[in-house]
Amino acid sequence: MRNRKMMMLLCTLLLVLSACSNGGSKGGPSTTGATETKTETAANDTENKGAEKETEQTYKTPDMDFDLGGRTIKVVSWWDMTIPEDNPDNIQRKKNLEELQKKHNFKMEYVAIDYGEYQQKVTASLLAGEPLGDIVRLGKNYTIPTLVKQDLLAPVDEYTKNPAAFNQNVTNQYMQYNGRGYGFTENQANLVQGIFYNRTLMSKLGLKPLQDYVNEDSWNWDTFLQVAKEANKDTNNDGKLDSWGLANPSPLEFALASNETSLTKENKQNLEDPKTTEALNFISRIATEKIARPTEGGDWTEPGQFFRQGNTLMYAGALHELSGIKKDMPDVDIGFVPFPKGPSASAYHSYEGLYQSLFIPKAAKDPDKLLYIWEKINDIDSMYDYPDQATYETLFTNEEDINNAKEVAANLAVLDHGTFPNLKFYDFLGEIVGGTSVSTVVEKYKAPFQAAIDEVYGSK
């Protein structure tokens, strides 16, 4: 935002200087004046268009004047959402809230409920018509379509048009049902997932830097498998592998997102989509060609533990794990690249399988005023150049790693198969990893998948 404003200011200054220069000159062919006029007109048109774009991007709801009569607005989440004063952006948000509380005569209260009992408690309160909060955080998997179909939540898309205060993708894409947006958030950042890799081990093994593949735009499933195989080595010549290329034996969700596909698509199973088939065959290759480090009988944390041992090159994981990884591996240089592109993908992606945001219960009073307040709290001129900048610059010391994180965050894929309680995801994945052909597994599961979807959406 600040960069755009500065560019507009510079353009205006240049135009002023140009006008002064032209005014001081004498004589010259008439064609020169015509050319200068056209140039100035074009520059003005460009500036006007830029100003129009700026106006569009900074839409604000017109100021409202109302008195909430001392009402307490409760914001419920599985963590305390009280605005901290830990950076200039949050200090401004806190100041905005304090001013709004005085102007509109209300108090904001933040309520935290333990995650383990959160879904049950909040859902029960919605069903009873007595929501625990005026603004509640909910997971998409159990909200859309289930709670929305029961008319328990209010659509919010007509109130969330300010892109500085609301993440437009959340309302207009991720939290949509029947053409309306129900979820919202002020958070402009997305979950970052991709490949963490051990640069120290990479150098020790004499492998081509992974960043080179990204720079060459050749970081794809084939080069990924090639690198993993190259890192599977017996470095001490005792007849056993003691270095491995990949910690994760079955990164199916990464594969789906990286090929721009999914197992389900709204109210339909998506197993027969060619993109999905490609992703399933990719996971099958990892298993049947024994590319990943073999399990030692551990649980879901095993791949991360393998990576921490320092003898496994790559681990597919999420950014929130990085601080723990670096703490456990203080003498190792950790890098980050996107999960490689699938054959049908146009960009690198991150993914989210448990997406969540804020909602307004249908029983809450004055949803327009609640969202107005939320907008005015969060409509700030951020000091940061991009979302989560402070986090990235704290976790990464390499500019290329930061750029990779920014790129995948900008292309978030939300996977919805977790919406369906009776969709046997792990049974399905187990058969793929166990060596059963993809065509056989797809044929076996497409009907049960659709049945599980119909239980939630209702069959037509």
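Note that the coordinates shown come from a computational prediction; the quantities given were computed from them, not determined experimentally.

Focus: the layout of surface pockets
- Roughly 840 Å³ of internal volume is contained in the second largest pocket.
- Lining the second largest pocket are 31 residues, with Lys140, Lys265, Glu266, Val414 and Asp416 sitting closest to its centre.
- Elements that contribute at least two residues to the lining of the second largest pocket include exactly helix 7 (168-174), strand 4 (176-177), strand 8 (264-265) and strand 14 (412-414).
- Tallying contributions element by element places strand 14 first for the lining of the second largest pocket, with three residues.
- Per-class residue counts for the lining of the second largest pocket are 11 nonpolar, 12 polar and eight charged.

Here's the deal with the pairing of strand 3 (residues 135-139)
- With five of its five residues buried, strand 3 lies for the most part within the structure.
- Neither face of strand 3 is left uncovered, since the one carrying Ile135, Arg137 and Gly139 and the one carrying Val136 and Leu138 both have all their residues buried.
- Two strands pair when backbone bridges link them, and strand 1 (residues 71-77) and strand 3 are joined in this way by two bridges, in the parallel orientation. When the bridges of strand 3 are listed, valine 75 appears paired with isoleucine 135.
- Strand direction decides the pairing type here: strand 3 and strand 13 (residues 356-359), joined by four bridges, are antiparallel.

Let's talk about the sheet that holds strand 6 (residues 193-198)
- With mixed pairing, the four strands of this open sheet are ordered in space as 7-10-6-11. Only two strands of the sheet have a single neighbouring strand rather than two, namely strand 7 (244-246) and strand 11 (334-337). Between one strand axis and the next, the sheet turns by 25° as a mean value, whatever way the strands run.
- Relative to strand 10 (residues 312-318), strand 7 is paired through two bridges, and the arrangement is parallel.

Some thoughts on unusual backbone geometry
- With an omega of 10°, the peptide bond between isoleucine 144 and proline 145 qualifies as cis.
- One non-glycine residue, glutamate 260, lies in positive phi territory at about 60°.
- By the secondary structure assignment, glutamate 260 is in the loop between helix 11 (252-258) and strand 8.
- Although it is not a glycine, aspartate 366 sits at a positive phi angle of roughly 55°.

What to know about the pattern of salt bridges
- Overall, the coordinates contain 21 salt bridges when judged by the stated rule.
- A salt bridge links arginine 199 to aspartate 333; the nearest nitrogen and oxygen atoms lie 3.2 Å apart. One end of the pair, arginine 199, is in helix 8 (residues 199-205); the other, aspartate 333, is in the loop between helix 14 (322-328) and strand 11, with 134 residues separating them in the sequence.
- Where arginine 199 meets aspartate 401, a salt bridge forms, and the shortest distance between an N and an O atom there is 2.7 Å. Here arginine 199 is found in helix 8, whereas its partner aspartate 401 is found in helix 17 (residues 399-409), with 202 residues between them in sequence. Considered together, arginine 199 and aspartate 401 belong to a single accessibility category, that of buried residues.
- By sharing partners, the salt bridges in this structure join Asp222, Lys229, Arg285 and Glu289 into a single network.

A look at the packing of helix 18 (residues 425-433) against helix 19 (residues 438-457)
- Interhelical geometry of helix 18 versus helix 19 gives an angle of 170° and a closest axis separation of 10 Å. Judged on the interaxial angle alone, helix 19 and helix 18 are roughly antiparallel. For the pair helix 18 and helix 19, contact is made by Asp427, Phe428, Glu431 and Ile432 and by Val438, Val441, Lys444, Tyr445 and Phe449, respectively.
- A breakdown of the residues in the contact of helix 18 with helix 19 according to their chemical character gives six nonpolar, no polar and three charged.

Looking at the side chain of asparagine 248
- Mapped onto the elements, asparagine 248 comes out in the loop between strand 7 and helix 11.
- There is a polar contact of 2.8 Å between the side chain of asparagine 248 and the backbone nitrogen of alanine 316.

Here's the deal with the confidence of the model for the protein chain
- In this model, the protein chain carries an average pLDDT of 90, and 87% of its residues clear a pLDDT of 70 or more.
- Confidence drops under a pLDDT of 50 for residues 1-56, and excluding neighbours within four residues, the segment shows 22 contacts in the predicted structure.

What to know about the environment of phenylalanine 66
- One can find phenylalanine 66 in the loop between helix 2 (30-57) and strand 1.
- What makes phenylalanine 66 buried here is its relative accessible area of 8%.
- Here the alpha-carbon distance between phenylalanine 66 and lysine 369, two residues 303 residues apart in the chain, equals 8.5 Å.
- Ignoring anything within four residues of it in the chain, the contact list for phenylalanine 66 reads Lys103, His104, Lys369, Tyr372 and Ile373.

A closer look at the packing of aromatic side chains
- Under the counting rule described, the total for this entry stands at 24 aromatic pairs.
- Sitting over the face of the ring of phenylalanine 66, lysine 369 holds its NZ or CZ atom 5.6 Å from the ring centroid.

Some words on the packing of helix 3 (residues 88-104) against helix 15 (residues 367-378)
- Remark: helix 3 packs on helix 15, axes separated minimally by 7 Å, with the N-to-C direction vectors making an angle of 140°. Overall, the two elements helix 3 and helix 15 adopt an arrangement that is oblique. From helix 3, Arg93, Asn96, Leu97, Leu100 and His104 reach across to helix 15, where they touch Tyr372, Ile373, Lys376, Ile377 and Asn378.
- When the residues that make up the contact of helix 3 with helix 15 are grouped by side-chain class, the tally is five nonpolar, three polar and two charged.

Considerations on the sheet that holds strand 2 (residues 106-112)
- Taking strand neighbours across the sheet as the criterion, the four strands line up as 2-1-3-13 in an open arrangement whose pairing is mixed. Edge strands, defined here as strands with exactly one partner in the open sheet, are strand 2 and strand 13. Each neighbouring strand pair of the sheet contributes to a mean axis angle of 20°, computed without reference to strand direction.
- By the bridge criterion, seven bridges tie strand 1 to strand 2 in an arrangement that is parallel. Counted as the bridge partner of lysine 74 is glutamate 109 from strand 2.

Conventions we followed
Along each chain, numbering runs from 1 in the same order as the chain's sequence is written. In view of the model being predicted, local features appear only for residues whose pLDDT reaches at least 70, and side-chain atom pairs are presented and counted only at 80 or more, with totals across whole chains, interfaces and linings using the full set of residues. As a convention, hydrogens and water are excluded, and side-chain values are obtained from all of the structure's heavy atoms. A pocket, in this scheme, is an open set of points on a 1 Å grid over the protein atoms alone with protein on both sides within 12 Å along at least 5 of 7 lines, while a cavity is a set where a 1.4 Å probe fits but cannot get out; residues line either one if an atom lies within 4 Å of a point. Grid points are joined across faces, edges and corners, and a volume is the space filled by probe spheres set on the points. Every helix listed is a DSSP run of H or I at least four residues long, and every strand listed is a run of E at least two residues long, numbered separately from the N terminus. Ten residues, namely Ala, Val, Leu, Ile, Met, Phe, Trp, Tyr, Cys and Pro, are considered nonpolar, four, namely Asp, Glu, Lys and Arg, are considered charged, and the remaining ones, Gly among them, are considered polar. Relative accessibility decides the category of a residue: with a 1.4 Å probe and only protein chains considered, values under 20% of the type maximum give buried, values over 50% give exposed, and everything between is partly exposed. We treat two strands as partners when DSSP finds at least two bridges between them. To define axes, lines are fitted to C-alpha atoms, for helices over the stretch in contact only, and angles between the resulting N-to-C directions are given on a 0 to 180 degree scale. Salt-bridge detection follows one rule: a side-chain nitrogen of Lys or Arg within 4 Å of a carboxyl oxygen of Asp or Glu. Orientation labels follow simple angle bins: below 35 degrees gives roughly parallel, above 145 gives roughly antiparallel, 65 to 115 gives roughly perpendicular, and whatever is left gives oblique. Contacts are residue-level and defined by heavy atoms, with any inter-residue pair within 4.5 Å sufficient. Polar contacts here mean pairs of N or O atoms no more than 3.5 Å apart (in protein, one a potential hydrogen donor and the other a potential acceptor; neighbouring residues in sequence count only if both atoms are side-chain atoms). The pLDDT value tells you how sure the predictor is about a given residue, anywhere from 0 up to 100. Each Phe, Tyr or Trp ring (for Trp, its six-membered ring) is paired with any other whose centre lies within 6.5 Å, and the angle between the two planes then decides the class: stacked below 30 degrees, edge-to-face above 60, tilted in between. In this scheme, Lys NZ or Arg CZ marks a charge over a ring once it lies within 6 Å of the ring centre and within 35 degrees of the ring normal.

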